[in-house]
Amino acid sequence: MKVTVSTLQKMKDNGERISMLTAYDYSTAKLFDESGIHTMLVGDSLGMTMLGYDSTIPVTVEDMIHHGAAVVRGAKEALIVVDMPFLSYHTSVYDAVVNAGRIMKETGCTAVKLEGGKDVCPQIEAIVKAQIPVCAHIGLTPQSVNAFGGFRVQGKSEEAAKELIEAALAVEKAGAFMVVLEGIPAKLASIITSKLHIPTIGIGAGADCDGQVLVYQDMLAMYGNFVPKFVKQFAQVGEVMKGAVADYMKEVQEGTFPAKEHTYAIDDDIIEKLY
C-alpha cells in the first residue's frame, strides 16, 4: 500500500514508529521498498556517499534530480523525500518555490526537505502553498557545517534548547508535514516530539522521536572507518562486498570463472565448419 503524507500522520497519531533510510539509486530503492521501508530520503548526503565530496555544500539541484528520479523509479510503495541542496532555497522565496517545483516535477517525488528553523519559514509556507509537501530539518543541519564550526551536537544550553523548540513549532506552523531532528540531546527531542502535532524523525536524537532515519551506507557499514555515535551497524555489507570481489578476482585469475554453467553452447558441427 502506497505510503502518503496522511499515512505518516496517522502513524504518529496511532503511536506507530516511522522507518526512513536514505537511498540514491534505482536498485537500492527497489530493495528497500521491497523490504517495506515507510519512507526514503534522497539526501544531499549523496555528495559524500555517492560523489566523494567532503561535505554536502557542492551538491546541485541537478544532482538531486538525477538521483531522486532514479529512486522514485525503484520505489512503488515508500514515500520519497528529496533534499533541496545548499543555496537552492536560501536566496529568495521565489527561488525556493521554483527549485522545489523542479525537483518535484522532474523526479516524481512526494515531498522536498530543507534545513533551517524560523529563517526558512517563509520558504516553507510558499512551497506548501504551491501544493508541494515540505519536510523540515532542524538541529545539526549539515549545510550549515561551516557556520557551526563542524558537526556539533546542537541545543545543549538552555537558550539553544529553547530556540530549537521554537524552531520546531515555527516550521510546523509554516506548514511542514514532518521534521527531522538531527544531532540534539534525546530528552530535548522527546520534548519537541510531544509538543508537535506533526511527526518527528530522529537521527542522533534519541528513541522518543516518531521515527528514525539513517544513511544506509552507515547502517550497512559501507562508508569509511568512522562510525558516528548515533549509528548502529545492522550488517557488515561492506566486508561482504569486498570479500565477494576478492573471490571474483581469484576465480578470474585462476580461470575457474566462468565455468561451463555460465557459458552458452553451440552445435559442434557448426564449430567444425569454422576451422
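Up top you'll find the structure we're talking about.
Q: Looking at this structure, I do not really get the overall build of the chain. What am I missing?
A: The secondary structure content of the chain amounts to 12 helices and 8 strands. Taking the principal axes of its C-alpha atoms as reference, the chain extends roughly 85 × 40 × 35 Å. The buried share among the 275 residues of the chain stands at 48%. For the chain, restricting intrachain contacts to residue pairs at least 6 apart in sequence, the fraction spanning at least 24 positions comes to 58%. Of the roughly 14600 Å² of accessible surface on the chain, a fraction of 57% belongs to carbon and sulfur atoms. Averaging the positions of the 24 positive and the 34 negative side-chain charges in the chain gives two centres separated by 7 Å.

Q: What exactly am I supposed to notice about the sheet that holds strand S5 (residues 134-139) here?
A: Strands in a sheet are paired, the pairing made by backbone hydrogen bonds, and the direction either parallel or antiparallel. Strand order in the closed barrel formed by 8 strands is S1-S2-S3-S4-S5-S6-S7-S8, and the pairing between neighbours is parallel. This sheet shows a mean twist of 25 degrees between the axes of neighbouring strands, independent of strand direction. Taken together, the 2 bridges between strand S7 (residues 200-203) and strand S8 (residues 211-214) define a ladder with parallel strand orientation. Across the sheet, Ile-201 pairs through a bridge with Gly-211, a residue of S8. Strands in contact with helix H8 (residues 158-174) are S5 and strand S6 (178-182); relative to S5, the strand with the most contacts, it is inclined by about 175 degrees.

Q: I keep staring at the environment of Phe-86 and nothing clicks. Help me out?
A: Structurally, the position occupied by Phe-86 is in the loop between strand S3 (79-83) and helix H5 (93-107). Excluding anything up to four places from it in sequence, Phe-86 contacts Ile-57 and Gln-143.

Q: Please clarify how helix H2 (residues 26-35) should be interpreted in this entry.
A: A turn of α-helix holds 3.6 residues, and therefore any two residues three or four places apart point the same way. Those residues of H2 that fall on the buried side of the exposure criterion are Thr-28, Ala-29, Phe-32 and Asp-33. One side of H2 holds all its buried residues, which, seen down the axis, span an arc of 130 degrees. In H2, the exposed residues that point more than 90 degrees away from the buried face are Leu-31 and Glu-34. Contacts made by the buried residues of H2 are with strand S1 (18-22), strand S2 (39-42), helix H4 (61-74) and helix H10 (216-219).

Q: Quick question: what am I supposed to make of the nonpolar core here?
A: Taken as a class, soluble globular proteins show a tendency for nonpolar side chains to be buried jointly. Counting 59 residues, the largest nonpolar core has Met-40, Ile-80, Ile-124, Ile-127, Leu-181 and Ile-192 as the members making the most contacts within it. Looking at this core element by element, the count peaks at 8 residues for H8. When near neighbours in sequence (up to four residues on either side) are disregarded, Ile-80 contacts Met-40, Val-42, Val-71, Val-72, Ala-75, Cys-109, Thr-110 and Ala-111. Counting residues in hydrophobic clusters, the runner-up holds 16 residues, among them Leu-8, Val-81, Phe-177 and Ile-201.

Q: Explain the packing of H2 against H4 to me, please; I cannot follow it from the model alone.
A: Across the interface, H2 lies against H4 with an axial gap of 7 Å and an inter-helix angle of 40 degrees. Note that H2 runs across H4; the crossing there is right-handed. Between H2 and H4, the contacting residues are Tyr-26, Ala-29, Lys-30 and Asp-33 on the first element and Ala-70, Val-71, Arg-73 and Gly-74 on the second. For the contact of H2 with H4, the per-class residue count stands at 4 nonpolar, 1 polar and 3 charged.

Q: Would you mind showing me how to read the packing of aromatic side chains here?
A: The geometry of an aromatic ring pair is captured by the separation of the ring centres together with the interplanar angle, meaning the angle of the planes. Tallied over the entire structure, the rule returns 3 aromatic pairs. Ring geometry for Phe-32 and Tyr-216: centres 5.3 Å apart, planes at 80 degrees, overall edge-to-face. Of the two residues, Phe-32 is situated in helix H2 and Tyr-216 in helix H10; the sequence distance between them amounts to 184 residues. Between the aromatic rings of Tyr-248 and Phe-257, the centroid separation amounts to 6.0 Å while the plane-to-plane angle is 65 degrees, which identifies the pairing as edge-to-face. By the ring-pair criterion, three or more aromatic residues cluster together here, those being Tyr-24, Phe-32 and Tyr-216.

Q: Help me understand the side chain of Glu-182 in this model?
A: Relative to the assigned elements, Glu-182 resides in strand S6. We note that Glu-182 is buried and unpaired, the nearest opposite charge coming from Lys-113 at a distance of 6.4 Å. When sequence neighbours within four positions are dropped, the list of residues in contact with Glu-182 reads His-137, Ile-138, Gly-139, Leu-140, Pro-142 and Ile-203.

Q: Help me understand unusual backbone geometry, please; the structure alone is not making it clear to me.
A: Leave glycine aside and you will find that most residues have negative phi; peptide bonds, for their part, are mostly trans. Of the consecutive residues Phe-257 and Pro-258, the connecting peptide bond is found in the cis state with omega at 5 degrees. Phi is positive for Ala-221, close to 55 degrees, though the residue is something other than glycine. With respect to the element layout, Ala-221 can be found in the loop between H10 and helix H11 (237-254). By relative accessible area, which is 17% here, Ala-221 ends up buried.

Q: Is there a simple way to think about the pairing of S2 in this case?
A: The side chains of a regular strand alternate, first on one face of the sheet and then on the other. Burial along S2 is two-sided: Thr-39 and Leu-41 and Met-40 and Val-42, pointing in opposite directions, are all buried. Bridging between S1 and S2 involves 3 bridges; their strand directions are parallel. Bridging across to S2, Met-20 finds its partner in Thr-39. The pairing of S2 with S3 spans 4 bridges and is classified as parallel. When the bridges of S3 are listed, Met-40 appears paired with Ile-80.

Rules used in this analysis
Residues numbered from 1 in each chain as written. Predicted model: local features only at pLDDT ≥ 70, side-chain atom pairs only at ≥ 80, totals over all residues. Heavy atoms only, no water. Helix = DSSP H or I, 4+ residues; strand = E, 2+ residues; numbered from the N terminus. Buried < 20%, exposed > 50% of the residue type's maximum accessible area, 1.4 Å probe, protein only. Contact = heavy atoms within 4.5 Å. Areas by Shrake-Rupley, 256 points an atom, 1.4 Å probe, with all protein chains shown as cover. Lys, Arg positive; Asp, Glu negative; His and termini not counted. Charge placed at Lys NZ, Arg CZ, Asp CG, Glu CD. Pairing = 2+ DSSP bridges. Axes fitted to C-alpha atoms, helices over the stretch in contact; angles between N-to-C directions. Arc of directions from axis to C-beta. Core = buried A, V, L, I, M, F, W, Y, C linked by side-chain atoms within 4.5 Å. Left-handed = near helix turned anticlockwise from the far one by under 90°. Nonpolar A, V, L, I, M, F, W, Y, C, P; charged D, E, K, R; others polar. Phe/Tyr/Trp six-rings, centres within 6.5 Å; stacked < 30°, edge-to-face > 60°. Salt bridge = Lys/Arg side-chain N within 4 Å of Asp/Glu carboxyl O.

By themselves, these figures tell us nothing about what the structure is for.
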